[in-house]
Amino acid sequence: MTERKYFGTDGVRGEVGGPTINAEFALRLGYAAGRVLARKHPGRGRPAVVIGKDTRISGYMLESALEAGLSAAGIDVLLAGPVPTPAVAYLTRALRLVAGIVISASHNPYQDNGIKFFSAQGMKLPDEIEAEIEAAIDEPLGCVGSEALGRARRIDDAAGRYIEFCKSTFPNELDLSGLSIVVDAAHGAAYHIAPHVFRELGAEVFSIGCQPDGFNINEGVGAMHPETLVAEVQARGADIGIALDGDADRLQMVDGSGRLYNGDELLYAIVRDRMTQQKVDGVVGTLMTNFGFEKRMQALGVAFERAKVGDRYVLEAMQARGWLYGGESSGHLLCLDCHTTGDGIIAALQVLRAMSRSGNSLAQLVSDLRMYPQKMVNVPLAQGVQWQTHAGLAAAREKVEQKLNGRGRVLIRASGTEPKLRLMVEAEEAVLAEEGVRELVAVNLTSE
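Residues numbered from 1 in each chain as written. Predicted model: local features only at pLDDT ≥ 70, side-chain atom pairs only at ≥ 80, totals over all residues. Heavy atoms only, no water.

**Let's talk about the sheet that holds strand β1 (residues 12-15)**
If you trace the 6 strands from one edge of the open sheet to the other, you get β1-β5-β4-β2-β3-β6, paired in mixed fashion. The open sheet has two edge strands with one neighbour each: β1 and β6 (152-154). With strand direction ignored, the average angle separating the axes of adjacent strands in the sheet is 20 degrees. Judged from the 6 bridges that link them, strand β2 (residues 48-53) and strand β3 (residues 76-82) form a sheet pairing that is parallel. (Pairing = 2+ DSSP bridges. Helix = DSSP H or I, 4+ residues; strand = E, 2+ residues; numbered from the N terminus. Axes fitted to C-alpha atoms, helices over the stretch in contact; angles between N-to-C directions.)

Structure below.
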């Protein structure tokens, strides 16, 4: 794939007012996307897309600019307002639209925003179509004739539609009665959705992070700051806490004792429940998935594969193998028997399904999963140093792996956002992980 100028692994993202996240760029992006989508879907009358957003103040500006660009290209626009990213994927499929557009920077602070696309199938837009859109962004702006302009309208029941969809992924014979849940929506896109889902399934729900003001998204709450949820669960004496991020595709959970469960543990609970009902062929994790998860999958006879960090890569690996379950330690969890993309609310429902069906607590569900102690250090990486072929680093890595002797693993990868190298060692014992990292850090990376 050729080098991208605007699109990253998850659409376009940056600081509001920067070179890409501004009104002019959004207008051009909307027009470029509209022209490409119109070519890809001829003979359908006027194609239509849905636009959803999170609660950032900049969402209004970007939504209006995208709408204008799409309309100028002859594309009808359906405005869903603030809804989770996975809700846009669902609405795109349910309404038989040619694409869905999300305005969100996920777990980032309010000063950032982003724009990403879903295909008609509710999955990430194929690379080749993204490339065509990107190539068209710098072409001159135009406009179809008045008779061909796209129309715009609001979907008044977008939130209600999505609430019902989420509930449909929880078995009809089960309910959440008798369970008290604290729901933290990070002042983000699920603020008016997530509490209703769990309440309508019978739980007693307490809400935090559900008062967005355009500026407080992800600020001290949500999946990025689970300590707030831990404190609230303990203060309320609740049974479970559920934390989402700004666009509600990421999940962390807390039990009544205040113990926090990450994505690896939650994915394990889901997979173990599914195994009582059906055969699970394999699970996809990432380079960061805990080694204990991999070892446990091996013991259960379930194939396991690591993808690059990013839910896009997890999904690609799942599709390539026809597997249904995968996720990241950060809490992006995919259950393709429920939805086409990662969904924090639906993932939480699948964990609650496992608890309800088995009668076990979350701690009991993961009691046979031994998470390996993990030690990671970031070290500066000088420009021009080829760490992949660095003889000293390779020798240190080999020495550490020999000491681990199959009882852990070493991960070395460059940061995607800063000139640093991430050095990580996992081992059965914390002391082995710490010793291994010290040996890696001692390598002189200023030269070959």
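**Structural notes on the nonpolar core**
The biggest cluster of nonpolar side chains holds 72 residues, and the ones touching the most others in it are Ile181, Phe198, Ile242, Met253, Ile345, Leu352 and Leu362. With 9 residues, the single largest contributor to this core is helix α11 (residues 344-358). With near-sequence residues (within four places) excluded, Ile242 lies in contact with Ile181, Val182, Val183, Asp184, Phe198, Leu229, Leu251, Gln252, Met253, Ala348 and Leu352. If you look at the next biggest cluster of nonpolar residues, it comprises 34 residues, including Tyr31, Leu37, Ile51 and Ile129. (Core = buried A, V, L, I, M, F, W, Y, C linked by side-chain atoms within 4.5 Å. Buried < 20%, exposed > 50% of the residue type's maximum accessible area, 1.4 Å probe, protein only. Contact = heavy atoms within 4.5 Å.)

**Brief notes about empty space enclosed by the protein**
A water-sized probe rolled over the atoms picks out the places where empty space is left. All chains considered together, the criterion is met by 2 cavities of 30 Å³ or more. Of the pockets and cavities examined, the largest cavity occupies roughly 40 Å³. If you go around the largest cavity, the residues you meet are Val400, Lys403, Leu404, Leu432, Glu435 and Gly436. Secondary structure elements with two or more residues in the lining of the largest cavity: α13 (391-404) and α14 (430-441). Estimates place the volume of the second largest cavity at around 30 Å³. Lining the second largest cavity are Leu333, Leu334, Cys335, His339, Thr341, Gly342, Asp343, Ile346 and Ala347. Counting residues per element, the ones that place at least two in the lining of the second largest cavity are β15 (333-335) and α11. (1 Å grid on protein atoms, 1.4 Å probe; cavity = no way out; pocket = protein on both sides within 12 Å on 5 of 7 lines; lining within 4 Å. Points joined across faces, edges and corners; volume = space filled by probe spheres on them.)

**Describing the pairing of strand β5 (residues 112-119)**
For β5, a buried count of 8 out of 8 residues is recorded, marking the element as mostly surrounded by other parts of the structure. Alternating residues of β5 divide into Asp112, Gly114, Lys116 and Phe118 and Asn113, Ile115, Phe117 and Ser119, and every residue in both groups is buried. In terms of strand pairing, β1 meets β5 through 4 bridges, oriented antiparallel. Each bridged residue has a counterpart across the sheet, and for Val12 the counterpart in β5 is Ile115. Here strand β4 (residues 99-103) pairs with β5 via 5 bridges, running antiparallel. Paired with Gly100 across the strands is Phe118, a residue of β5.

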